[in-house]
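Close look at the chain arrangement
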Amino acid sequence: MIFQKGLCMNEINVTLPDGSQRPLPAGASIFDLAASIGAGLAKAAIAGKIDGNLVDLNTPLSDGARVEIITEKSPEALEIIRHSTSHLMAQAVKALFPQAKVTIGPAIETGFYYDFDVDHPFTPEDLEKIEDKMRELAKSDLKIERKELSSADAIALFKGMGEDYKVELIEDLGADKVSLYSQGDFVDLCRGPHLPKTSYIKAFKLTSIAGAYWRGDEKRAMLQRVYGTAFGDKKELEAYLARIEEAKKRDHRKLGRELDLFSFNDEVGAGLVIWHPKGAMLRTILEDFERKEHLKRGYDIVQGPQILKTELWQRSGHYENYRENMYFTTVDEQSYGVKPMNCLAHMMIYRSQLRSYRDLPLRYFELGTVHRHERAGVLHGLLRVRGFTQDDAHILCTPDQLDAEIKGVIQFVTEVMGIFGFEFEMELSTRPEKSIGSDDAWELATSALLNALKDSGRPYEINEGDGAFYGPKIDIKLRDALDRRWQCATIQCDFTLPERFDLTYVDADGEKKRPVMVHRVILGAIERFIGVLIEHFAGNFPTWLAPVQATIVTVTDNQIPYAQAAFDKLRAAGIRVQKDFRNEKLGFKIREAQLQKIPYMLVVGDKEVEGGLLAPRFRDGKNLDSMTPEQFVSFIENEVKNYK
Ligand SMILES: [Zn+2]
Ligand SMILES: [Zn+2]
């Protein structure tokens, strides 16, 4: 189509995002608009927006419409590409397995999936066949067409095809009309929008197969879910697949086994971590670090019991709201709850004395081990467990002090995450509809959190109405080496517990007042944080964190007496050192130490014995100058001091 301005009888005007107007002949589509602007844009366009709503590229425009052209580079593009790829996959599956019934196939964060009801269990070989078929269908450049039908007609159509699930979906929608998308002989119930042709699908990969119940209901049919991913171009797809591959290599469950850090055992119980010597050492290093950092910032270390009387959990509201996740035990007719949180004992400490405003703020810190009954299905290595230790603290302060306290916590998080090399993002969740506490209290706490966020100079988001019913909170998500987000630190204001436990202080005016309570964790659960650390560092812990910092490796048996003496010196100086004096080839011993990701290998041959030296070699193969054991001790001490 060629348009010449002024020659058309029926002309319309549309508005582009920059506010400019553009005349077009009546009946022109978004594609025509793109083509009228330039051939490059026509080629890149995949869909559009009319008055803010996403639509297909061939949607006709009406006079006065506000139009935006969606190209492969637009933020909205990925979802359209992925959803269209899921249709393409369903078409391929139907072509290869005509008896398969289609259900739903949405785009998701990592790609897309489609659920099929089919007796034949899909195998990895099937995925390859399906992919081949998809490529063939994409090449045949089928038009993807939208059609609107009355629900009755659509039901009749899908009934005729034996697609019972689609019939059920349309019946549940209860709409007069529905939209269908077809490509070749494949038709699907869908809101859209979609790519205009199958040839627009250029970069995809089917990734896995899983079971899923129809509508998540275990009483309904068991379906087969095929997952895949798709991108605008091959380069992006390849980068994504490489990242997945890297993530698999870094999987903390795999590295945890290979580096002998921890295990789980069915005889012990699901979700309960067993720390082996090196894992327990890693934990100890982190815990020592935490104690030191908290003491530096004016926290007091406290410790409560593992079990507390059930009556106390009733008073705190945990029994009412959290009972399903708690473990209970009864001894001598007294029922106890195993603590799922550390708050209660901390409040008992606060209440053990009359408190004056001069005593505040109080900051109680506990490496508190808690137990929470998580459903078996959600347990995942160290990331989701049933028993874990939080770096938990409760700050009790006057309302005036809240601002400074919150700022202090964010400063704390910033310093600590800097040491580990994590970037992070913050989100503020504000008052939900159902909440307790006065307007004043919410206002005070929310503005304290907000001020601290602004003060931090970092970007943050606000989740309106997403706070807990008992107070607003800040969630902190750190970003690891693979650019994945992990929720770790939280700062939570609480109006219920000081109330329920009648916590008070005597203010300057002699009146009894309620302190503000803040629950906060910095690393969160140590277990989870270690899981994240393992994947972040790919097991290559920096010297200060490495459970084993160095291993002494002899070249032959001749050096054993000298090497043993060096080992004793290093260990006595506090270096986490191990030895490998086996009668094996040097290369073999070094490779093994590298697999264990030990930072330094200290090679001892005749030359080192003669010179009273050690020859350190970094795990990446780099050699350092030879040094005496004493020099090596100060070298390591220096790295540890600088969190290297
Ligand atoms: Zn669809
Ligand atoms: Zn708490």
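Keep in mind that this is a model prediction, so the values were computed, not measured. Sequence order as written defines residue numbering, which begins from 1 separately in each chain. Working convention: letters from A go to chains and numbers from 1 go to ligands, in the order in which they are written. Residues qualify for local features only when their pLDDT is at least 70, as the model is predicted, and side-chain atom pairs are given and counted only at 80 or more; totals for whole chains, interfaces and linings, by contrast, use all residues. As a rule here, side-chain values cover all heavy atoms of the structure and leave hydrogens and water aside.

Ideal donor angles around a metal are set by the shape: a four-donor tetrahedron calls for 109.5 degrees, a six-donor octahedron for 90 or 180 degrees. We call an atom a donor if it is N, O or S and sits within 2.8 Å of the metal, or 3.2 Å for Na, K and Ca. Water is not counted, so some sites may look partial. Within the protein, the zinc ion (ligand 1) binds to His 83 (NE2), His 87 (NE2) and Cys 190 (SG); these donor distances fall in the range 2.0 to 2.3 Å. Of note, the donors binding the zinc ion (ligand 1) are all from one chain and are spaced H-x3-H-x102-C. Of this pair, His 83 and His 87 both sit in helix H3 (residues 77–96), 4 residues apart, roughly one helical turn. Counting from the N terminus, the helices are DSSP H or I runs at least four residues long and the strands are E runs at least two residues long.

UniProt positions are given in the numbering used here, feature names are shortened, and annotations may be inferred rather than shown by experiment. Taking the UniProt record as the reference, the feature "binding site: Zn(2+)" (unreviewed entry) is found at Cys 343, His 394 and His 519. A maximum C-alpha distance of 7.8 Å is found for the annotated residues, which run over 177 residues; spatially they form one tight group. Of the annotated set, the members that line the second largest pocket are Cys 343, His 394 and His 519. In this fold, His 394 is placed in strand E21 (residues 387–397). Using a 1.4 Å probe on the protein chains alone, a residue whose accessible area is under 20% of its type maximum counts as buried, one over 50% counts as exposed, and one in between counts as partly exposed. Exposure remark for His 394: the relative accessible area of 0% places this residue in the buried category. Apart from residues lying up to four places away in sequence, His 394 is in contact with Asn 342, Cys 343, His 346, Leu 362, Arg 363, Tyr 364, Met 517, Val 518 and His 519. Considering the arrangement of structural elements, one finds His 519 in strand E28 (residues 516–525). The way it works is a 1 Å grid over only the protein atoms, where trapped points that fit a 1.4 Å probe form a cavity and open points with protein on both sides within 12 Å along at least five of seven lines form a pocket, and then any residue with an atom within 4 Å of a point lines it. Working rule for contacts: check all heavy atoms of both residues, and any pair within 4.5 Å makes them a contact.

A few words on the packing of helix H13 (residues 402–420) against helix H14 (residues 439–456). It is at 9 Å that the axes of H13 and H14 come closest, and there the two elements cross at 45°. As the angle between them shows, H13 and H14 are arranged oblique. Viewed along their axes, H13 and H14 form a crossing whose handedness is right-handed. In this structure, H13 contributes Leu 402, Asp 403, Ile 406, Lys 407 and Ile 410 to the contact, and H14 contributes Leu 444, Ala 445, Ala 448, Leu 449, Asn 451, Ala 452, Leu 453, Asp 455 and Ser 456. Each residue gets one label: Ala, Val, Leu, Ile, Met, Phe, Trp, Tyr, Cys and Pro are nonpolar, Asp, Glu, Lys and Arg are charged, and the others, such as Gly, are polar. Looking at the contact of H13 with H14, its residues break down into 9 nonpolar, 2 polar and 3 charged. An axis is simply a line fitted to the C-alpha atoms; with a helix, the fit covers only the stretch in contact. Between two such axes, the angle follows the N-to-C directions and lies from 0 to 180 degrees. Roughly parallel here means an angle under 35 degrees, roughly antiparallel means over 145, roughly perpendicular means 65 to 115, and every remaining angle is called oblique. The crossing is said to be left-handed when, going from far helix to near helix, the turn is anticlockwise and less than a right angle, and right-handed when the turn is clockwise.

The definition of a nonpolar core used throughout is a set of buried Ala, Val, Leu, Ile, Met, Phe, Trp, Tyr and Cys residues joined through side-chain atoms within 4.5 Å. The biggest cluster of nonpolar side chains holds 65 residues, and the ones touching the most others in it are Phe 420, Phe 529 and Leu 545. When residues in this core are grouped by element, the largest group, 9 residues, is from H13. Not counting the four nearest positions on each side in its chain, Leu 545 is found in contact with Leu 282, Ile 285, Leu 286, Phe 420, Leu 533, Phe 537 and Arg 576. Judged by nonpolar contacts, the second largest core, of 35 residues, contains Ile 81, Val 93, Ala 100 and Ile 144.

As a further point, take empty space enclosed by the protein. Grid points are joined across faces, edges and corners, and a volume is the space filled by probe spheres set on the points. Taken as a whole, this structure holds 1 cavity of 30 Å³ or more when the rule is applied. Together, Leu 259, Leu 261, Lys 278, Gly 539, Phe 541, Ala 546, Pro 547, Val 548, Gln 596, Lys 597 and Ile 598 line the largest cavity. Among the residues forming the lining of the largest cavity, the class breakdown is 7 nonpolar, 2 polar and 2 charged.

Trans is the prevailing form of peptide bonds, just as negative phi is the prevailing case for residues other than glycine. Here the amide bond leading from Gly 192 into Pro 193 is cis, since omega sits at -5°, within 30 degrees of zero. Looking at the element boundaries, Pro 193 is found in the loop between strand E11 (186–189) and strand E12 (203–213). The step from Leu 360 to Pro 361 runs through a cis peptide bond, and the omega angle for that step is 0°. Within the chain, Asp 141 stands out as a residue other than glycine whose phi angle is a positive 55°. Position of Asp 141 among the secondary structure elements: in the loop between helix H4 (124–139) and strand E9 (145–150). What makes Asp 141 partly exposed here is its relative accessible area of 34%. Residues other than glycine seldom take positive phi values, yet Asp 332 does so here, at roughly 50°. A relative accessible area of 76% places Asp 332 in the exposed class.

Another aspect to go through is H14. Given a rise of 1.5 Å per residue, 18 residues ought to cover 26 Å, and the 26 Å separating the end C-alpha atoms of H14 matches this to within 8%. Contacts from the buried residues of H14 go to H13, strand E22 (423–429), strand E23 (460–463), strand E24 (473–479) and strand E25 (485–494). Once H14 finishes, Gly 457 follows within two positions and takes phi at roughly 70°, a positive value. Given the number of residues in a helix, its expected span is that number minus one, multiplied by 1.5 Å.

Take a side-chain nitrogen of Lys or Arg and a carboxyl oxygen of Asp or Glu: if they are within 4 Å of each other, that pair is a salt bridge. Inspection of every chain in the model, using the stated rule, returns 50 salt bridges. Put simply, Lys 205 and Glu 131 hold a salt bridge, and the shortest N to O gap is 3.7 Å. Taken together, the residues Lys 205 in strand E12 and Glu 131 in helix H4 connect sequence positions 74 residues apart. For Lys 205, a relative accessible area of 33% corresponds to the partly exposed category. Assessed through its relative accessible area of 7%, Glu 131 is described here as buried. As a salt-bridge pair, Glu 293 and Lys 296 come within 3.1 Å of each other at their nearest N and O atoms. In this pair, Glu 293 and Lys 296 both sit in helix H9 (residues 277–296), 3 residues apart, roughly one turn of the helix. Assessed through its relative accessible area of 3%, Glu 293 is described here as buried. Each of Glu 131, Asp 132, Arg 135 and Lys 205 takes part in salt bridges that share partners, so that together they form one network.

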